[in-house]
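Remarks on the overall topology
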Amino acid sequence: MSSHSELKTSQDVHLRAKQIKSLIRSLKQKTKKIEREGEVAPANCHIIRYQVNRKGTLYWYYKLQAAESIFPMATNNEKKTKYKYLGRAGSSAHIDAVEKLTRRNLIDELERVIQSLTESYLDIYIGTETE
């Protein structure tokens, strides 16, 4: 009787592993699809909104900010800065950056899930070795 339960457990382990691998494959395909939709913002970037006061009138502008200096400076292309000016809300540069950042965030989240599933996949086999 124990060999039957061992066989069933072994089949269950392989089925769970197969399901996880299938899901990982599907998520990787989704990542590639997002990448084909258009340019992706660099990692560790976000859009910030800032205010300028000119002659008593307040204006709001947007810029893309990176964790490190990766964008060419407007005044000197050889030097890098952490900021990329996007202009006012709804400008083509602003909308373009929002789309790129959205793709980046979706890809980052999918990669976190893929990493978690990869660890789960390993747990299945590590867990069966210790049982």
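Residue positions are given per chain, counted from 1 along the sequence in the order it is written. Restriction of local features to residues with pLDDT of at least 70 applies here, the model being predicted, together with a cutoff of 80 or more for giving and counting side-chain atom pairs; totals for whole chains, interfaces and linings are based on all residues. Based on all heavy atoms of the structure, the side-chain values leave hydrogens and waters out of the count.

Runs of E in the DSSP output that reach at least two residues are strands. Runs of H or I that reach at least four are helices, and both are numbered from the N terminus. If you trace the backbone, I24 turns up in helix α1 (residues 2-37). Residue classification places I24 among the buried residues on the basis of a relative accessible area of 11%. Counting along the chain gives 93 residues from I24 to L117, while the straight-line C-alpha distance between them is 6.9 Å. With near-sequence residues (within four places) excluded, I24 lies in contact with I114, L117 and T118. Only protein chains enter the accessibility calculation, which uses a 1.4 Å probe. A residue is then buried if its area is under 20% of the maximum for its type, exposed if over 50%, and partly exposed in between. Contacts are assigned to residue pairs with any non-hydrogen atoms lying within 4.5 Å of each other.

On to the nonpolar core. Counting 11 residues, the largest nonpolar core consists of V13, A17, I20, I24, L27, I34, I107, L110, I114, L117 and I124. Every element with two or more residues in this core is listed here: α1 and α2 (92-130). Top element by residues in this core is α1. It accounts for six residues. Among buried residues, the Ala, Val, Leu, Ile, Met, Phe, Trp, Tyr and Cys ones that are joined through side-chain atoms within 4.5 Å form a nonpolar core. Counting residues in hydrophobic clusters, the runner-up holds nine residues, among them Y62, L64, A66 and L86.

Turning next to the sheet that holds strand β5 (residues 83-87). Two strands are counted as paired when DSSP detects at least two bridges linking them. Pairing is antiparallel in the open sheet, where three strands are placed in the order β1-β2-β5. At either margin of the open sheet sits one strand with a lone partner, and together these are β1 (45-54) and β5. Taking each pair of neighbouring strands and ignoring which way they run, the sheet shows an average axis angle of 35 degrees. Of the pairings in the sheet, the one linking strand β2 (residues 57-66) to β5 comprises four bridges and is antiparallel in character. When the bridges of β5 are listed, K63 appears paired with Y85. Helix axes are fitted to C-alpha atoms over the stretch in contact, other axes to C-alpha atoms as well, and angles between N-to-C directions run from 0 to 180 degrees.

Before going further, it helps to spend a moment on the environment of Y61. As for its position among the elements, Y61 is in strand β2. The sequence separation of Y61 and R49 amounts to 12 residues, and the corresponding C-alpha distance is 5.8 Å. Leave out the neighbours within four places in its chain, and Y61 touches I48, R49, Y50, V52, R54, Y85, G87 and R88.

Salt bridges are counted wherever a side-chain nitrogen of Lys or Arg sits within 4 Å of a carboxyl oxygen of Asp or Glu. For the coordinates displayed, the defined rule picks out five salt bridges. Where R112 meets E109, a salt bridge forms, and the shortest distance between an N and an O atom there is 2.8 Å. A residue pair is termed a helical-turn pair when its members lie 3 or 4 positions apart in one helix, as R112 and E109 do in helix α2 at three residues.

Looking now at the packing of aromatic side chains. Classification of ring pairs uses Phe, Tyr and Trp, with its six-membered ring standing for Trp, and accepts pairs whose centres are within 6.5 Å; under 30 degrees between planes counts as stacked, over 60 as edge-to-face, and the remaining range as tilted. Throughout the structure, instances matching the rule amount to three aromatic pairs. Ring geometry for Y50 against Y61: centres 6.0 Å apart, planes inclined by 35 degrees, an arrangement best described as tilted. Remark: Y61 occurs in strand β2 and Y50 occurs in strand β1; sequence separation between them is 11 residues. Comment: the charge-over-ring label is applied if NZ (Lys) or CZ (Arg) is within 6 Å of the ring centre and within 35 degrees of the ring normal. Sitting over the ring of Y50, K63 keeps its end group 4.6 Å from the ring centre. The ring centre of Y83 lies 4.4 Å from the NZ or CZ of K63, which sits over that ring.

Keep in mind these values describe shape, not function.
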